[in-house]
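Okay, here's what each chain looks like letter by letter:
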Amino acid sequence: MNDGKKELAFLCRIVKEAWKTCGGAEMNARDKGAFDLVTDVDFSMEKFISSAIEENFAGDVVVGEELNPLRELPAGRSWTVDPIDGTVNMAHGLPLFGVQCAFCIEGVPLAAAIYLPRFDEMYTAVRGFGAKLNGTEIKVSARPAKDAVVSVGDYSHKTLSHAVGQVERVGAIYDNVSKMRHFGAASVDFAWFASGRTDGFMMYTRNLWDLVPGWLLSAEAGGVVRSINGGEYKLSEEGIVVAASKEIADIMTV
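As the structure is a prediction and not an experimental result, all values here were calculated from the model.

**Student:** Got a sec to walk through unusual backbone geometry? Specific residues and values, please.
**Tutor:** The phi angle at aspartate 120 is positive, at roughly 50°, despite the residue not being glycine. Looking at where aspartate 120 falls in the secondary structure, it is placed in the loop between strand 6 (108-116) and strand 7 (121-126). Non-glycine residue asparagine 134 carries a positive phi angle of around 50°. Considering the arrangement of structural elements, one finds asparagine 134 in the loop between strand 8 (131-133) and strand 9 (136-138).

**Student:** Quick rundown of helix 5 (residues 186-194)? Include the residues and the values.
**Tutor:** A large share of helix 5 lies buried, amounting to nine of its nine residues. After helix 5 finishes, the residue glycine 196 shows a positive phi value of roughly 85°.

**Student:** Can you explain the packing of aromatic side chains? Please cite residues and give values.
**Tutor:** Within the structure shown, the criterion is met by nine aromatic pairs. On the basis of an interplanar angle of 75° and a centroid distance of 5.7 Å, the ring pair of phenylalanine 10 and tryptophan 79 is categorised as edge-to-face. Residue phenylalanine 10 is located in helix 1 (residues 5-22), and its partner tryptophan 79 is located in strand 4 (residues 77-85); the two are separated by 69 residues in the primary sequence. Of the two residues, phenylalanine 10 and tryptophan 79, both sit in the buried class. Considering the side-chain rings of tryptophan 79 and phenylalanine 103, the 4.9 Å spacing of their centres and the 50° angle between planes classify their relative orientation as tilted. Taken as a pair, tryptophan 79 in strand 4 and phenylalanine 103 in strand 5 (residues 98-105) lie far apart in primary sequence, 24 residues in all. Comparing tryptophan 79 with phenylalanine 103, the two get one shared label, buried. Here the aromatic residues Phe10, Phe57, Trp79 and Phe103 are joined through ring pairs into a cluster of three or more.

Calculation criteria
- Residues numbered from 1 in each chain as written.
- Predicted model: local features only at pLDDT ≥ 70, side-chain atom pairs only at ≥ 80, totals over all residues.
- Heavy atoms only, no water.
- Helix = DSSP H or I, 4+ residues; strand = E, 2+ residues; numbered from the N terminus.
- Buried < 20%, exposed > 50% of the residue type's maximum accessible area, 1.4 Å probe, protein only.
- Phe/Tyr/Trp six-rings, centres within 6.5 Å; stacked < 30°, edge-to-face > 60°.

Below is the structure:
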């Protein structure tokens, strides 16, 4: 049975190659939609990674943010590719962005890689084998809720219910934790949560490329993973909450 280790080794190599090849190119940032940007780097990165997957794993389906933004993971073998997560940050010269990919079979993530280029940090996870940062095992924090630092995703400009829900949820959380943060990139949020730098993360979205890598990374680092509404997390949910403890998860999903 495939455990995802071969695919993870491939991802770690190809993601770094993609950034080395494409990351220094002219960005040519332009509007993608309301309050959002896309750049030539996003497209060239996704083409590089997707082409490598197709060449090495013929027949697999690639779900990518820019080139094939499917709403559900297909049956069989599939990959999610977020070529640049945090494009607005990158385009504005902020170092908080990353490349995140995952390998799945029958809709179940088996391997994930999140690379933060400006920090040269590679976060990896294989289902059942834990999470690592640059090859060293990582775990979520053990801080109590009163000392917790919790991050939240961007407020939606596309879905009013998501924006309203997030405002209400933040209002319910902030009196019960130490600090709240906005990093502007799920790759950073998930990576820093899994490595114990923060203690929780909440995000309203159903975008597979935003969610799948961090979902696996957070779970393998020992995090509590729930839906926005407090139940078991599934990709069909409106959003995700990851927390370092049940205590913090309960605060974030009230």
